[in-house]
There are 2 protein chains.
Amino acid sequence: MSKIPYKIFLTEDEMPKNWYNLRADMKNKPAPLLNPATLKPMTAEDLAPVFCEDLIKQELDDTTAYFPIPQEIFDFYKMFRPSPLIRAYCLEKKLGTPAKIYYKFEGNNTSGSHKLNSAIAQAYYAKKQGLKGVTTETGAGQWGTALSMACSYFDLDCKVYMVKVSYEQKPFRREVMRTYGANVTPSPSETTNIGKAILKEHPGTTGSLGCAISEAVEVATSTPGYRYVLGSVLNQVLLHQSIIGLETEAALKKYDIKPDIIIGCAGGGSNLGGLIAPFARDKIQGKADYKIIAVEPASCPSLTRGVYAYDFCDTGKVCPLAKMYTLGSGYIPAPNHAGGLRYHGMSSTLSQLYDDKIIEAVSVKQTDVFAAAEQFARVEGILPAPESSHAIKVAIDEALKCKETGEEKTIVFGLTGTGYFDMVAYEKFHNGEMTDYIPTDEELKESFSSLPKV
Amino acid sequence: MSKIPYKIFLTEDEMPKNWYNLRADMKNKPAPLLNPATLKPMTAEDLAPVFCEDLIKQELDDTTAYFPIPQEIFDFYKMFRPSPLIRAYCLEKKLGTPAKIYYKFEGNNTSGSHKLNSAIAQAYYAKKQGLKGVTTETGAGQWGTALSMACSYFDLDCKVYMVKVSYEQKPFRREVMRTYGANVTPSPSETTNIGKAILKEHPGTTGSLGCAISEAVEVATSTPGYRYVLGSVLNQVLLHQSIIGLETEAALKKYDIKPDIIIGCAGGGSNLGGLIAPFARDKIQGKADYKIIAVEPASCPSLTRGVYAYDFCDTGKVCPLAKMYTLGSGYIPAPNHAGGLRYHGMSSTLSQLYDDKIIEAVSVKQTDVFAAAEQFARVEGILPAPESSHAIKVAIDEALKCKETGEEKTIVFGLTGTGYFDMVAYEKFHNGEMTDYIPTDEELKESFSSLPKV
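On a predicted model such as this, the values are computed, not experimentally measured, just so you know. Residue positions within a chain follow its written sequence, with the count starting from 1. Lettering for chains starts from A, numbering for ligands starts from 1, and both go in the order in which the items are written. Given that the model is predicted, a residue must reach a pLDDT of at least 70 before its local features are reported, and side-chain atom pairs must reach 80 or more before they are shown or counted; all residues, however, enter totals for whole chains, interfaces and linings. As a convention, hydrogens and water are excluded, and side-chain values are obtained from all of the structure's heavy atoms.

(A) Region of interest: the environment of A:F67. Residue and element names in this part refer to chain A. The helix and strand labels rest on DSSP assignments: H or I over at least four residues marks a helix, E over at least two residues marks a strand, and numbering proceeds from the N terminus. Along the polypeptide, F67 turns up in strand 3 (residues 66-68). Only protein chains enter the accessibility calculation, which uses a 1.4 Å probe; a residue whose area is less than 20% of its type maximum is buried, one above 50% is exposed, and one in between is partly exposed. For F67, a relative accessible area of 14% corresponds to the buried category. Remark: the alpha-carbon pair of F67 and Y20, spanning 47 residues in sequence, is separated by 6.5 Å.

Below you can see the structure in the form of structure tokens.
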């Protein structure tokens with residue numbers, strides 16, 4: 001076996017040719033989406049006004065294990081993939097740990113994160129269906145940027161509803177999207193009925209993700225030739241993101257590396273679900289016994305402190321019901337919370353895996369996360385996004401446990417993106433102005449009361 | 001020959017083990033630096049109070065062709081190098097050109113540019129000499145960021161004097177540097193005699209690169225255990241940056257690709273000098289006849305409209321005299337000019353190559369540059385820095401010439417970095433508020449009058 005390089009790159013020939021649909025191999029399938037009006041499982045017909053045809057097929061299919069990646073998408077992937085699996089030699093040395101740490105780095109593209117993996121797929125299927133354009137919402141802006149890039153590539157119109165406070169506080173993100181030709185509107189806006197109603201009721205509101213979703217869905221369903229697309233939570237998104245896990249698996253096999261622990265940050269689940277897909281399969285099939293850890297923020301602890309129940313996917317309650325670990329669709333993380341991972345629930349697939357104890361979860365405080373981010377940046381060079389840094393924090397914790405026990409465990413974590421547009425949060429951290437927030441049991445109990453009766 | 005992939009990566013084993021010093025193979029050597037007091041060539045002793053010992057040796061050596069890359073630097077390089085040589089398949093298709101376009105992309109590291117190649121080398125030699133720290137200046141912030149990362153890696157103190165207007169307008173850059181532990185001071189400041197004097201004379205000044213250099217040099221020479229480091233112009237910097245050209249050469253040879261045209265943007269010359277080093281050697285030795293193009297902004301056209309003469313390297317006139325194509329050390333680009341490439345002169349090596357007609361030069365207007373940047377971003381994904389986009393503009397021009405003539409030329413250009421911190425300029429471009437500036441002959445004549453009498 002040759003020496004393991006700092007960065008393991010697959011060749012184009014070694015890149016996965018299929019996405020992997022973990023649901024096909026799950027013994028307990030994730031519960032179906034329910035139509036909020038009938039409480040019956042959503043059908044393809046129910047979903048057709050909102051989503052693209054091929055994406056609906058992927059969404060509802062829990063038996064087909066492999067979906068071929070269309071050549072057009074594969075060609076786009078080749079522009080920024082395969083992403084490197086990097087051996088964190090410098091971090092290991094700094095920690096003085098016998099553990100071997102690897103990270104799959106998804107930040108080497110202009111959107112700055114893994115979101116592009118699904119954005120390009122969704123844009124492709126929209127184009128294939130002959131649509132004019134797509135609508136979406138974005139909060140921190142990673143998804144909106146990725147979708148703008150993807151739509152630009154396929155010459156599709158892209159309407160992004162950006163939470164107003166982000167639109168104003170993150171003008172750079174907005175301009176990146178405009179560079180790719182996207183139409184970016186601060187939400188709530190006067191362009192939709194729901195936006196007008198919200199503005200009338202709350203004139204000074206700075207918006208919310210739930211409101212932006214509602215506006216994007218309204219435009220998609222009321223404009224001929226448009227559909228709505230979403231960057232996380234959905235099964236189709238996890239399917240596309242499986243490219244992360246499949247490449248990681250191939251890179252590890254190339255050098256005969258056997259991981260012990262796999263760690264990913266978890267907001268809606270797009271990164272974690274993609275990263276762990278082939279490893280969770282092996283674990284379900286009894287072929288390996290990986291420790292798989294979902295890391296979530298202590299301020300938005302859906303897996304570690306939520307309940308497993310049907311809930312609305314959006315705060316506006318216009319979307320289908322999903323069974324998931326949730327804090328209640330009315331839960332809003334404290335304003336001191338930086339970056340993404342703010343979603344009140346968790347993808348149905350990951351929720352089921354957690355309930356089945358295939359994966360475990362921990363929550364971490366954001367000041368600890370930023371300290372880990374800074375420690376990582378100083379030795380590994382890469383400036384991580386706050387979201388990604390949740391995984392870094394737990395990877396370091398696990399490596400330090402190995403230091404105590406002397407175990408030479410192999411740790412793999414997902415580094416989902418870069419933090420170039422999150423320097424306001426880093427500044428707060430440097431200035432000692434960053435604080436932590438942990439919801440009380442009473443607050444969560446109150447939030448759970450908004451759960452629908454199903 | 002196997003199909004050429006989108007991204008050509010060298011393996012670690014294929015990475016260059018030496019830097020290449022083009023001066024060793026130049027028939028007409030670049031003119032030496034002169035001591036401004038005596039007008040005699042600067043000696044190692046003259047330079048010792050300002051620069052690190054090993055770097056002075058590299059600076060003054062115009063006969064040694066290859067310098068081994070120390071293992072510690074090579075290990076750091078492995079974290080972000082080799083950088084990919086990317087085939088711009090999508091851009092070619094969009095342009096409908098028979099030309100084959102490749103670009104060497106140096107932006108996949110947190111500093112966002114090629115500057116890290118030299119920063120890590122300079123930090124290494126400072127550490128090797130037992131210094132406590134280094135000082136430098138930064139304008140747009142790429143060099144300061146790169147140096148911060150490098151110093152963090154070697155546990156060196158890093159004092160950055162950042163032009164005040166950038167310090168205030170680019171708080172994100174500042175925070176990235178702080179993340180890496182650098183001490184960032186807006187210049188002019190009260191921390192130096194020269195800063196105090198300037199503030200007294202011009203209380204409201206927003207600073208200049210020349211002033212920041214003077215402050216950084218003052219601190220380096222008056223603080224025990226400190227030296228000054230610089231990110232461009234100097235021979236040592238071009239030496240370290242030769243890694244770009246050597247990797248490009250190796251990647252092209254790996255797939256038996258023979259370039260016809262090589263294009264790089266040129267400010268002080270750090271990128272261009274590094275990119276073209278092995279190709280200029282072949283041309284000097286009569287082994288190949290590449291067309292090598294330096295691209296500079298029309299607002300700061302040192303090669304295309306400057307004079308070849310001894311001039312001060314800094315506006316403060318504290319540094320040695322260098323013979324170079326220059327607009328005069330008092331020349332300041334118009335305030336509407338975005339990004340880097342604002343230096344009044346050009347590295348001595350590149351100036352000599354230009355005078356010897358080994359390289360040629362063109363100047364381009366910034367609105368054309370941003371249009372090219374946006375066109376590139378939309379098809380190739382990467383959001384380019386304004387500096388890098390000068391090369392993109394001319395690469396597109398050359399590819400369109402091929403479209404007219406039907407020639408299948410192979411074009412290679414350097415994409416030095418990403419534009420994430422330049423979105424204010426992109427915003428101006430999107431809003432139609434960007435303007436061009438071209439100095440008049442009278443303005444340049446006036447500026448040339450500041451040239452020293454040597």
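(B) View of the relation of the copies chain A and chain B. Superposing chain A onto chain B takes a rotation of 180° plus a shift of 0.0 Å along the axis, which leaves an RMSD of 0.0 Å. This pairing of chains is accounted for by a two-fold axis. Of the C-alpha atoms belonging to chain A, the one lying closest to the rotation axis is found on A:N108, 3.1 Å away. Note on contacts: a residue pair is in contact if any heavy atoms of the two residues lie within 4.5 Å. With an isologous cut-off of 70% or more, the 100% of interface residues of chain A that recur at the interface of chain B puts this contact in the isologous class. Superposing the copies works by least squares over the C-alpha atoms of residues that have pLDDT at least 70 in both of them.

(C) Just the sheet that holds strand 7 (residues 157-163) of chain B, in detail. Residues and elements named next belong to chain B. One requirement defines pairing of two strands: DSSP has to find at least two bridges between them. Taken in spatial order, the 4 strands line up as 8-7-6-9 in an open sheet, and their pairing is parallel. At either end of the open sheet lies a strand with only one pairing partner, and these are strand 8 (183-187) and strand 9 (226-228). Strand-to-strand twist across the sheet, computed as the mean angle between neighbouring axes with direction ignored, equals 25°. Relative to strand 9, strand 6 (residues 133-138) runs parallel, the two being bridged by 3 bridges. Across the sheet, residue T135 finds its bridge partner in strand 9, namely Y228. In this analysis an axis means a line fitted to C-alpha atoms, helices contributing only their contacting stretch, and an angle means the value between N-to-C directions, from 0 to 180 degrees.

(D) Inspection of unusual backbone geometry at higher detail. Residue and element names in this part refer to chain A. Residue R81 is joined to P82 through a cis peptide bond whose omega torsion reads -10°. Omega for the bond connecting S187 with P188 falls within 30 degrees of zero, at 5°, which places this linkage in the cis form. Counting through the fold element by element, P188 comes out in the loop between strand 8 (183-187) and helix 9 (193-201). Notably, V233 is not glycine yet its phi reads approximately 65°, a positive angle. Residue placement: V233 occurs in the loop between strand 9 (226-228) and helix 11 (235-254). V233 gets classed as buried once you look at its relative accessible area, which sits at 12%.

(E) Spotlight on the interface of chain A and chain B. Between chain A and chain B, the residue contacts involve 43 residues of the former and 43 residues of the latter. Of the roughly 4,000 Å² buried between chain A and chain B, counting both surfaces, carbon and sulfur atoms make up 57%. Ranking the residues of chain A by area buried against chain B places A:F172, A:T179 and A:Y420 at the top, with a combined share of 18%. Each salt bridge in this description consists of a side-chain nitrogen of Lys or Arg and a carboxyl oxygen of Asp or Glu lying within 4 Å of one another. Applying the counting criterion to the chain A and chain B interface returns 2 salt bridges. Of the charged contacts in the structure, one is a salt bridge between B:E427 and A:R174, with a shortest N-O distance of 2.9 Å. Buried area, as used here, totals the accessible surface that two parts lose on assembly, with accessibility defined by a 1.4 Å probe and the loss added over both.

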